[in-house]
Amino acid sequence: MIKVLIIGGGFAGCAAAHQISLAKPLYDVTLIEKSSFLGAGNKTRWYGGHPYTFGPRHFLTQDEEVYKYLDEIVPIRRCKEHEFITYISQDSNFYNFPINADDIPKMPDEEKINTELSCLKSPEKACDFEEYWISSIGETLYKKFVKDYNKKMWQIDDNKLFDTFKWSPKGIALKKGPRAAWDQSISGYPINENGYDPYFEFSTQNCKVLLSTKIEVFDIPQKRVFFNGEWFKYDIIINTISPSDIFENVYGELPFVGRDLIKFVLPSENVFPDNVYFIYFAGDEPFTRLVEYKKFTRHKSPHSLIGMEIPSMNGKHYPMPMKKWQAVADKYHNLQPENVFSIGRAGSYRYEVDIDDSIRQSMDISKII
Ligand SMILES: Cc1cc2nc3c(=O)[nH]c(=O)nc-3n(C[C@H](O)[C@H](O)[C@H](O)COP(=O)(O)OP(=O)(O)OC[C@H]3O[C@@H](n4cnc5c(N)ncnc54)[C@H](O)[C@@H]3O)c2cc1C
């Protein structure tokens, strides 16, 4: 019997377990997760009677097949009207995010912004993140929305260190009109109060799940790992953790930025404006965004739970979007022998891999193994 090992039980690992059980029902699949639960940050936690996840975990996709697949297992409530806003302290104002041309007339430096917008250079020729954004939206909008936010988000001093551009604001420089009019994505969140949790149970029901299990030694070239005092050999390995971790950092440890989450309950039924789900803070506030969880969960309470995300070095959450580190990740990926694959956000070492992409990757892999 073909033996498969899945390393990590986040969305990517659980989706891989399910897709393999559908495509290859006779394979013998083991999933190893170091913590005591499946789902990682997507697991629903509770505070003061309110459900929440570690960060928003908003399901947003343009992939119909992935949406239908997830919706059948954990029915999704669509929220097409969702909006994000950004606080710009220098203007004492909140504006739409991604940056919206309709907000420019509300800005005190409207004239300067319009002059800059009328003589933009081509962003295609930009060599670094700063140049890319200045040539896309002009210096003033870049300073307001992107410059300090990016440094805070990635815990760096200089945006010129970045030579990939698309992560923020999600590859969209300037939009017009309300979000619902231009965003083609399917947006939603599970209807049930435990969020995605039933998915993690369901997706792994046909595989052996080892929780609270630490792999002590990885021998990926031989497709074997050491845990619980023994070596175990596999035919196929699906990895969802940092590629440098499974190769004992032979090319150095791949860097990640982490997150701390502070949660607090406020004594109002609703805190954010009606359709606003996230509020970003683009200046020198120590946090990147606030999330009002009720917008997703529709939890009924006279109070509301807010989550505040603070960039930190805790956790391997966000792979650095720099060519230098992506090249090191590629070197690790190239070390993988046949039938070893890395997927998910950390495994792919790509920040842009979200929940939907992790599911898509697992669908694709189950077809070729
Ligand atoms: C704060 C935050 C907010 C987010 N919000 C959204 C959002 O709104 N929408 C969206 O689509 N995506 C969001 N994402 C990203 C999305 O949740 C992930 O891309 C997706 O869940 C895929 O995760 P993964 O399985 O690749 O990794 P992870 O969720 O990190 O799972 C990896 C798993 O591997 C385990 N592990 C680590 N090391 C080992 C080891 N040595 N042995 C065994 N197990 C190990 C970990 O404990 C973890 O359970 C967010 C991410 C973060 C960090």
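Anything mentioned here points back to the structure above.
Here we look at the overall build of the protein chain
Counting its regular elements, the protein chain contains 12 helices and 20 strands. Here the C-alpha atoms of the protein chain give a radius of gyration of 22 Å, agreeing with the 21 Å that 2.2 N^0.38 yields for 369 residues. Its C-alpha atoms give the protein chain principal-axis dimensions of roughly 70 × 50 × 35 Å. Relative to its 369 residues, the protein chain shows a buried fraction of 55%. Taking contacts inside the protein chain between residues at least 6 apart in sequence as the whole, the part at least 24 apart equals 71%. Entry remark: accessible area of the protein chain is about 16700 Å², with carbon and sulfur atoms responsible for 52%. Of the side-chain charges in the protein chain, 45 are positive and 50 negative, and the distance between the mean point of each set is 1 Å.

What to know about helix H10 (residues 323–335)
Quick reminder: α-helices carry 3.6 residues per turn. Residues three or four places apart thus point the same way. With 13 residues, H10 ought to run about 18 Å at 1.5 Å a step, and its terminal C-alpha atoms sit 18 Å apart, in line with that. Against helix H8 (243–246), strand E20 (340–342) and helix H11 (344–348) lie the buried residues of H10.

Description of the site of the ligand
Taken together, 26 residues form the shell around the ligand, and within it Ala12, Glu33, Arg57, His58 and Val353 come nearest. Note that an oxygen atom of the ligand is positioned 3.0 Å from one of the side-chain N or O atoms of Asn42. Within the contact set of the ligand, an oxygen atom lies 2.7 Å away from a side-chain nitrogen or oxygen of Arg57. Within the complex, 87% of the 1000 Å² of free accessible area of the ligand lies under protein. Counting residues per element, the ones that place at least two in the shell around the ligand are helix H1 (11–23), H11 and helix H12 (355–368). Considering only residue class, the shell around the ligand consists of 10 nonpolar, 9 polar and 7 charged.

Brief notes about the sheet that holds strand E11 (residues 217–219)
Taken in spatial order, the 3 strands of this open sheet run E11-E12-E13, and their pairing is antiparallel. Strands with a single pairing partner mark the edges of an open sheet, and in this sheet they are E11 and strand E13 (230–233). Here the strands of the sheet are splayed against their neighbours by 20 degrees on average, with no regard to which way each runs. Note: E11 against strand E12 (residues 224–227), 3 bridges, orientation antiparallel. Note on E12: the bridge partner recorded for Phe218 is Val225.

Points about the sheet that holds strand E6 (residues 76–78)
Strand order across the open sheet formed by 3 strands is E5-E9-E6, with antiparallel pairing between neighbours. Across the chains shown, the open sheet's two edge strands, defined by having one partner strand only, are strand E5 (59–61) and E6. This sheet shows a mean twist of 35 degrees between the axes of neighbouring strands, independent of strand direction. As paired strands, E5 and strand E9 (residues 186–190) are joined by 3 bridges and run antiparallel to one another. Each bridged residue has a counterpart across the sheet, and for Thr61 the counterpart in E9 is Ile186.

Looking at the environment of Phe296
Relative to the helices and strands, Phe296 is located in helix H9 (residues 294–297). Measuring from C-alpha to C-alpha, the distance between Phe296 and Phe59 comes to 9.6 Å, with 237 residues separating the pair along the chain.

A look at helix H4 (residues 129–137)
By the criterion of burial, H4 is predominantly enclosed, with 7 of the 9 residues buried. When we look at burial in H4, the residues that qualify are Phe129, Glu130, Tyr132, Trp133, Ser135, Ser136 and Ile137. At its buried positions, H4 is contacted by helix H3 (110–118) and helix H5 (139–154). The backbone nitrogen of Glu130 has a side-chain oxygen 2.9 Å away, supplied by the residue at the start of H4, namely Asp128. In the stretch just after H4, Gly138 is the one whose phi turns positive, near 85 degrees.

Concerning the packing of H3 against H5
Packing of H3 against H5 leaves a shortest axis separation of 7 Å and a crossing angle of 115 degrees. As the angle between them shows, H3 and H5 are arranged roughly perpendicular. Side by side, H3 and H5 meet where Lys112, Ile113, Glu116 and Leu117 of the first sit next to Glu139, Thr140, Leu141 and Lys144 of the second. Looking at the contact of H3 with H5 residue by residue, the classes come out as 3 nonpolar, 1 polar and 4 charged.

Re the nonpolar core
Ile6, Leu70, Trp154, Tyr199, Ile238 and Ile359 are the most contacted members of the largest nonpolar core, which has 94 residues in total. Counting contributing residues per domain, this core is built from domain 1 (3–43 + 196–253 + 320–368) and domain 2 (86–178), each supplying no fewer than three. Apart from the residues within four sequence positions on either side, Leu70 is in contact with Phe11, Phe59, Ile76, Tyr196, Tyr199 and Ile359. Residues Ile279, Leu290, Ile306 and Ile310 belong to the second largest nonpolar core, which totals 10 residues.

Section: the side chain of Arg179
The residue Arg179 is located in helix H6 (residues 179–182) in this model. Within polar-contact distance, the side chain of Arg179 engages the side chain of His82 at 3.0 Å. Arg179 has contacts with Leu60, His82, Glu83, Phe84, Phe97 and Pro98, leaving out every residue within four places of it along the chain.

Reading guide: rules and limits
Note on numbering: residues in each chain are counted from 1, in written sequence order. Selection of residues for local features in this predicted model requires a pLDDT of at least 70, selection of side-chain atom pairs for listing and counting requires 80 or more, and totals for whole chains, interfaces and linings are taken over all residues. Derived side-chain values reflect all non-hydrogen atoms in the structure, with water molecules and hydrogen atoms excluded from consideration. Working definition: helices are DSSP H or I runs of at least four residues, strands are E runs of at least two. Numbering for both runs from the N terminus. Here the globule rule is a power law, 2.2 Å times the number of residues to the power 0.38, and the radius of gyration is based on C-alpha atoms. Buried residues are those whose accessible area, probed at 1.4 Å on protein chains only, stays under 20% of the maximum for their type, while exposed residues exceed 50% and partly exposed ones sit between those limits. Two residues qualify as a contact provided that any one of their heavy atoms is within 4.5 Å of a heavy atom in the partner residue. Only the protein chains shown count as cover for residues, and the accessible areas themselves come from Shrake-Rupley with a 1.4 Å probe. Under the convention used here, Asp and Glu are negative, Lys and Arg are positive, and both His and the chain ends fall outside the count. Where a charge lies is defined by one atom per residue type, namely NZ (Lys), CZ (Arg), CG (Asp) and CD (Glu). The span expected for a helix works out to 1.5 Å for each residue beyond the first. It suffices for a single heavy atom of a residue to lie within 4 Å of a molecule or strand for the residue to be listed as near it. Contacts described as polar in this section are N or O atom pairs within 3.5 Å, which, within protein, must combine one atom able to donate a hydrogen with one able to accept it, while residues neighboring in sequence count only if both atoms come from side chains. Side-chain classes are defined by residue name, with Ala, Val, Leu, Ile, Met, Phe, Trp, Tyr, Cys and Pro counting as nonpolar, Asp, Glu, Lys and Arg as charged, and the others, Gly among them, as polar. Only strands joined by at least two bridges in the DSSP assignment are considered to pair. Angles run from 0 to 180 degrees between N-to-C directions of axes, and those axes are lines fitted to C-alpha atoms, restricted for helices to the stretch in contact. In this scheme, roughly parallel covers angles under 35 degrees and roughly antiparallel covers those over 145, while 65 to 115 is roughly perpendicular and the rest are oblique. Take the buried Ala, Val, Leu, Ile, Met, Phe, Trp, Tyr and Cys residues and link them wherever side-chain atoms come within 4.5 Å; each set so joined is a nonpolar core. Boundaries between domains were set according to an automatic or database domain assignment.

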